[in-house]
Amino acid sequence: MLPSIFTTEEEIVKKLRDIARTHEFTNARTIAHVFYDVFKISYYALKRKKEGLKDSSLSPITLKRKEITRLVRLIDYHHSNDTTFMAEHDLTQCFGAQFTEGEALRFFDEYVEGLTKDRFGRSIHIDIDHGAKFMYKNPITGRHEVESRYYLPHRGKRLPWIKHTLHHSQNIYTRVDGEEREIMYICKYDLPFPDIEQTKCYWVVIVRKNRKDKIAPYNFRTAFPVFKYNNLLVRLERYRPIIEEPGV
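The text that follows walks through the structure, step by step, so that each part is easy to find. (Residues numbered from 1 in each chain as written. Predicted model: local features only at pLDDT ≥ 70, side-chain atom pairs only at ≥ 80, totals over all residues. Heavy atoms only, no water.)

### Overview of the overall build of the protein
Applied cut-off: In this description a helix means any DSSP run of H or I spanning at least four residues, a strand means any run of E spanning at least two, and both kinds are numbered starting from the N terminus. Relative accessibility decides the category of a residue: with a 1.4 Å probe and only protein chains considered, values under 20% of the type maximum give buried, values over 50% give exposed, and everything between is partly exposed. Any two residues whose heavy atoms approach within 4.5 Å are treated as being in contact. What sets the accessible areas is the Shrake-Rupley method with a 1.4 Å probe; for residues, cover comes only from the shown protein chains. Counting rule applied: Lys, Arg positive; Asp, Glu negative; His and chain ends not counted. In this description, the location of a charge corresponds to atom NZ of lysine, CZ of arginine, CG of aspartate or CD of glutamate.
Helix and strand content of the protein: eight helices and eight strands. Projected onto the principal axes, the alpha-carbon positions of the protein cover approximately 65 × 45 × 40 Å. For the protein, with 248 residues in total, the buried portion stands at 38%. Across the protein, the fraction of contacts at a sequence separation of at least 24, relative to all contacts at a separation of at least 6, is 62%. Looking at the protein as shown, the accessible area adds up to about 15,300 Å², and 53% of this sits on carbon and sulfur atoms. For the protein, the centre of its 42 positive side-chain charges and the centre of its 34 negative side-chain charges are spaced 6 Å apart.

In structure tokens:
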């Protein structure tokens, strides 16, 4: 049985403040960071749950305890596997004053396209005809329309990060979307260029295949940077850590 505490908002604040004071500040700050993320991702889960209801005004919408514990495990997994890589040497070879669309397509053809494996041996096929679309985005429609005016240099410059993420990420998630199983790989990169904006970001790589197919490789679908941590949590909420489904 749960203790009879946390009956008011004031009591929640007081009890959490009191227990935090029993820890050294550095330790309390780390604990607070983890559980603050639990509060945030639970908010995004509740928001998505409300949006999925036809009428959310009939009764209070809350998260069940098992839904919250799933999010606690999700945040624990994320923090345990969140590794920062210094982007240098080959990982910065496409950075410079300019990295044109033509240069990006040539680099994709020579160094990215083909069959590769992630660090756990899953085969992944990267095809330029479909894979290169991630470097283009129509700002109005939000679609990946392959036209020169929609080329995104900040994505082209990060082409070397695709295979690096697949080969090194331990921060891996999965979900089923219709007939397809999707795997999401995440790495955090720190660029050694203090003179450019947004030197730090998460880099997300998405692969997919038919969920019933046990033999064919996964297919690379897209990759993109995430510069705001809250945007990463919004995306994470829809997935489960891959470790929960061994053999996927």
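### Here we look at the packing of helix H2 (residues 25-51) against helix H3 (residues 65-81)
The line we're drawing: To obtain an axis, a line is fitted to C-alpha atoms, over the contacting stretch when the element is a helix, and the angle between two such axes runs from 0 to 180 degrees between their N-to-C directions. For this classification, under 35 degrees means roughly parallel, over 145 means roughly antiparallel, 65 to 115 means roughly perpendicular, and everything else is oblique. If you view the pair so one helix is near and one far, a crossing is left-handed when the near helix is turned anticlockwise from the far one by less than a right angle, and right-handed when it is turned clockwise. Charged means Asp, Glu, Lys or Arg here, nonpolar means Ala, Val, Leu, Ile, Met, Phe, Trp, Tyr, Cys or Pro, and polar covers whatever is left, Gly included.
Direction vectors running N to C along H2 and H3 enclose 130 degrees, while the axes themselves pass 9 Å from each other. One way to sum up the angle between H2 and H3 is to call them oblique. In the crossing of H2 with H3, the sense of the turn from one axis to the other is right-handed. Across from His33, Val34, Asp37, Val38, Ile41, Ser42, Ala45 and Lys49 in H2, the residues of H3 making contact are Glu67, Leu71, Val72, Leu74, Ile75 and His79. Among the residues making up the contact of H2 with H3, the classes are represented as eight nonpolar, three polar and three charged.

### Brief notes about the layout of surface pockets
The cut-off we apply is this: Computed over the protein atoms alone on a 1 Å grid, cavities are sets of points where a 1.4 Å probe fits but cannot get out and pockets are open sets with protein on both sides within 12 Å along at least five of seven lines; a residue lines them when it has an atom within 4 Å of a point. Grid points are joined across faces, edges and corners, and a volume is the space filled by probe spheres set on the points.
Approximately 350 Å³ is the volume attributed to the second largest pocket. Taken together, Leu16, Ile19, Ala20, His23, Phe25, Ala28, Arg29, Ile31, Ala32, Phe35, Tyr36 and Phe39 make up the full set of residues lining the second largest pocket. Sorting the residues of the lining of the second largest pocket by element identifies helix H1 (9-20) and H2 as the ones contributing at least two each. Considering every element that reaches the lining of the second largest pocket, the biggest residue donor is H2, with eight residues. Looking at the lining of the second largest pocket residue by residue, the classes come out as ten nonpolar, one polar and one charged.

### A few points about the state of the cysteines
Threshold: Put simply, a disulfide is two cysteine sulfurs that come within 2.5 Å.
Scanning the entire structure with this criterion turns up zero disulfides. Cysteine Cys94 shares no disulfide, and the gap to the nearest cysteine sulfur, in Cys201, comes to 14 Å. The closest cysteine sulfur to the non-disulfide-bonded Cys187 is located on Cys201, 11 Å from its own sulfur. Judged by relative accessible area, which is 2%, Cys187 ranks as buried.

### Concerning the nonpolar core
Convention followed: Residues belong to one nonpolar core when they are buried, are Ala, Val, Leu, Ile, Met, Phe, Trp, Tyr or Cys, and are joined through side-chain atoms within 4.5 Å.
Membership of the largest hydrophobic core comes to 57 residues, with the highest contact counts inside it found for Phe108, Phe134, Met135, Leu159, Trp161, Ile162 and Leu236. With seven residues, strand S6 (residues 200-210) is the largest single contributor of residues to this core. Contacts of Trp161, omitting those with residues within four sequence positions, involve Ala87, Leu91, Phe95, Tyr189, Leu191, Cys201 and Trp203.

### Observations regarding the pairing of strand S7 (residues 218-226)
Condition: DSSP calls a pair of strands paired once it identifies at least 2 bridges connecting them.
Taking burial as the measure, the nine residues of S7 include seven buried ones, the bulk of the element. Looking at chain direction, strand S3 (residues 123-126) and S7 are connected through two bridges and run parallel. Across the sheet, residue His125 finds its bridge partner in S7, namely Asn219. Both S6 and S7 contribute to a ladder of seven bridges, which runs antiparallel. Within the sheet, the bridge partner assigned to Val204 lies in S7 and is Phe224.

### Concerning the packing of aromatic side chains
What counts here: Classification of ring pairs uses Phe, Tyr and Trp, with its six-membered ring standing for Trp, and accepts pairs whose centres are within 6.5 Å; under 30 degrees between planes counts as stacked, over 60 as edge-to-face, and the remaining range as tilted. By the criterion adopted, a ring carries a charge over it if an Arg CZ or a Lys NZ lies within 6 Å of its centre and within 35 degrees of its normal.
Applying the stated rule across the entire model yields eleven aromatic pairs. Summarising the aromatic geometry, the rings of Phe85 and Tyr189 are spaced 5.9 Å apart at their centres and angled 35 degrees between planes, so their arrangement reads as tilted. Of this pair, Phe85 sits in strand S1 (residues 84-86) while Tyr189 sits in strand S5 (residues 180-190), and the two are 104 residues apart along the sequence. Using a relative accessible area of 0% as the deciding quantity, one classes Tyr189 as buried. Aromatic ring contacts, followed pair by pair, group Phe85, Phe95, Phe134, Trp161, Tyr189, Trp203 and Phe220 into a single cluster. If you follow Arg119 out to its NZ or CZ, it ends over the ring of Phe120, 5.6 Å from the centre. Note that Lys209 overlies the ring of Tyr218, its terminal NZ or CZ placed 4.8 Å from the centroid.

Read these as spatial facts, not as claims about activity.
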